[in-house]
Amino acid sequence: GEVSGRPVAAAMESWTRQEGFPLLVVDDANNTLRGKRLHLSQRRFLADGTEWEGDEVWHIPLQPGPDLPTSDVLAVRSGTWDARTAKDWFKFNFGQVAPYRVLYASKAVRSAQIAAILAGQVSGLDRIG
């Protein structure tokens, strides 16, 4: 896009020219959120469990929420995300806006999400996704 200044054609091609959907893996070796950068990586998700051996990557809109206004996109196999902006809890693909799955390998992120679910702070849509 000329208007957005973003590589819209490349992003759309990453979704329409390859099989399956991306699985975003969120990890933190230190199992803590505050003041840390989380490691993000992506791999192909296929319902039949077939392993991914290709070089393809998706342009994944991270869409963290709630209350984390950002338009960050992971367009590489792996990278980092600054978790210092997160409040008590967060979730990628907030509102389920894009067709991808998220695996939270970080115990700290999962624990914060579980506490938010038990406190009634997470919508049904985001509990499913």
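In this text, all values refer to a predicted model and were calculated from it rather than measured experimentally. (Residues numbered from 1 in each chain as written. Predicted model: local features only at pLDDT ≥ 70, side-chain atom pairs only at ≥ 80, totals over all residues. Heavy atoms only, no water.)

**Examining helix α2 (residues 107–118)**
- Counted at 1.5 Å a residue, the expected span for α2 with its twelve residues is 16 Å, and the 16 Å between its end C-alpha atoms agrees.
- At its buried positions, α2 is contacted by β2 (37–45) and β6 (101–104).
- Backbone geometry just after α2 places Gly-120 at a positive phi near 75 degrees. (Helix = DSSP H or I, 4+ residues; strand = E, 2+ residues; numbered from the N terminus. Expected span 1.5 Å × (residues − 1). Contact = heavy atoms within 4.5 Å.)

**Some thoughts on the nonpolar core**
- In terms of nonpolar packing, the biggest core is built from 20 residues, with Leu-24, Val-26, Leu-40, Trp-81, Phe-90 and Phe-92 touching the most fellow members.
- Of all elements in the fold, only β1 (21–27), β2 and β6 reach the threshold of two or more residues within this core.
- Not counting chain neighbours up to four residues away, the residues in contact with Leu-40 comprise Leu-24, Val-25, Val-26, Leu-62, Leu-74, Arg-77, Ser-78, Gly-79, Thr-80, Trp-81 and Phe-92. (Core = buried A, V, L, I, M, F, W, Y, C linked by side-chain atoms within 4.5 Å. Buried < 20%, exposed > 50% of the residue type's maximum accessible area, 1.4 Å probe, protein only.)

**What to know about the sheet that holds strand β5 (residues 78–82)**
- The four strands lie next to each other as β5-β2-β1-β6, forming an open sheet whose pairing is mixed. Two strands bound the open sheet, and with one partner strand each, they are β5 and β6. Across this sheet, the average inter-strand angle for adjacent strands is 30 degrees, counted without regard to direction.
- Note that β2 and β5 share five bridges and pair antiparallel. Within the sheet, the bridge partner assigned to His-39 lies in β5 and is Thr-80. (Pairing = 2+ DSSP bridges. Axes fitted to C-alpha atoms, helices over the stretch in contact; angles between N-to-C directions.)

**Considering the pattern of salt bridges**
- Across all of its chains, the model carries three salt bridges by this definition.
- With a closest N to O distance of 4.0 Å, Arg-37 and Asp-82 form a salt bridge. A residue pair is termed long-range when its members are at least 10 positions apart, and Arg-37 in strand β2 and Asp-82 in strand β5 qualify at 45 residues.
- Asp-126 is paired through a salt bridge with Lys-91; the nearest N and O atoms lie 3.3 Å apart. Taken as a pair, Asp-126 in helix α3 (residues 124–128) and Lys-91 in the loop between β5 and β6 lie far apart in primary sequence, 35 residues in all. (Salt bridge = Lys/Arg side-chain N within 4 Å of Asp/Glu carboxyl O.)

**Some points on the environment of Ser-106**
- By the secondary structure assignment, Ser-106 is in the loop between β6 and α2.
- In this structure Ser-106 comes out as buried when scored by relative accessible area, which is 0%.
- Separated by 78 residues in the primary sequence, Ser-106 and Asp-28 have C-alpha atoms spaced 5.2 Å apart.

**Description of the confidence of the model for the protein**
- Chain-level pLDDT for the protein is 83 on average; 89% of the residues reach the 70-or-more range.
- The lowest-confidence element of the protein is helix α1 (residues 8–16), averaging 75 in pLDDT; the highest-confidence one is strand β3 (residues 60–61), averaging 93. (pLDDT = per-residue confidence, 0-100.)

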